[in-house]
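# Structural characterization, general
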Amino acid sequence: MSVKNDGSHKFGIEDSPLTIDGDVFISEAMSFSKTANRVDIDDSNGEPIGSTVIPGRIEGSGTLQLDGVNAPAVGKEFTLTGVYAGDYIIQDVSETQSQGDYSKVAINFYKKLN
C-alpha cells in the first residue's frame with residue numbers, strides 16, 4: 001500500500017515547525033556536525049611532539065518547506081530545542097525548488113556563540 005499526502009498534513013521532524021523572522025516553516029530534515037581543528041605541536045627542531053583538538057562551532061544543514069512564505073534570508077536567526085538546543089544563524093539559502101504546489105529550500109546554518 002502506498003502512502004499518499006492529501007495536502008492537509010505536513011511531514012516534518014522534531015524541530016518542526018520552525019519559526020524564522022515570524023514565518024513558519026516545516027523542517028523536512030536537519031543534520032548537525034560538531035567541527036574542530038587539530039593543532040600539532042613541534043619541538044625546536046620542527047619535529048612533531050604532540051597534538052591537540054580545539055572544539056569549533058556546531059554547524060548544520062536542513063530542508064525547509066515553504067508554505068506560502070518566501071525563503072528565509074541569510075543572516076536570519078532561529079531557535080531550536082532538544083539535543084541541539086540554542087540560537088542559530090542562517091549562512092546559506094539555496095534556490096527554491098518547486099513541484100506543483102510544493103516548494104522547498106536547503107539552508108546551512110551555525111550555532112550562535114553569544
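Definitions and cut-offs
Residues numbered from 1 in each chain as written. Predicted model: local features only at pLDDT ≥ 70, side-chain atom pairs only at ≥ 80, totals over all residues. Heavy atoms only, no water. Salt bridge = Lys/Arg side-chain N within 4 Å of Asp/Glu carboxyl O. Helix = DSSP H or I, 4+ residues; strand = E, 2+ residues; numbered from the N terminus. Buried < 20%, exposed > 50% of the residue type's maximum accessible area, 1.4 Å probe, protein only. pLDDT = per-residue confidence, 0-100. Contact = heavy atoms within 4.5 Å. Phe/Tyr/Trp six-rings, centres within 6.5 Å; stacked < 30°, edge-to-face > 60°.

### Some thoughts on the pattern of salt bridges
This model, assessed by the stated rule, comprises three salt bridges. Where Lys76 meets Asp21, a salt bridge forms, and the shortest distance between an N and an O atom there is 3.1 Å. Of this pair, Lys76 sits in the loop between β3 (48-66) and β4 (77-80) while Asp21 sits in the loop between β1 (18-20) and β2 (23-42), and the two are 55 residues apart along the sequence. Look at Lys76 and you get partly exposed, because its relative accessible area is 30%. Across the salt bridge formed by Arg38 and Asp40, the nearest N and O atoms sit 3.0 Å from each other. Residue Arg38 is classed as exposed on the basis of its relative accessible area, which comes to 59%.

### Topic: the confidence of the model for the protein chain
Looking at the protein chain, pLDDT values average 86 and 86% of them are 70 or higher. Overall, residues 1-5 carries pLDDT values under 50, and its contacts beyond four positions in sequence, including any with other chains, amount to one contact.

### Looking at the packing of aromatic side chains
Per the counting criterion, the structure on display carries six aromatic pairs. Taking the centre distance of 5.7 Å and the plane angle of 70° together, the rings of Phe32 and Phe109 count as edge-to-face. In this pair, Phe32 sits in strand β2 while Phe109 sits in strand β7 (residues 102-111), placing the two residues 77 residues apart along the sequence. You can call Phe109 buried: its relative accessible area is 1%. In this structure an aromatic cluster arises from ring pairing among Phe32, Phe78, Tyr84, Tyr88 and Phe109.

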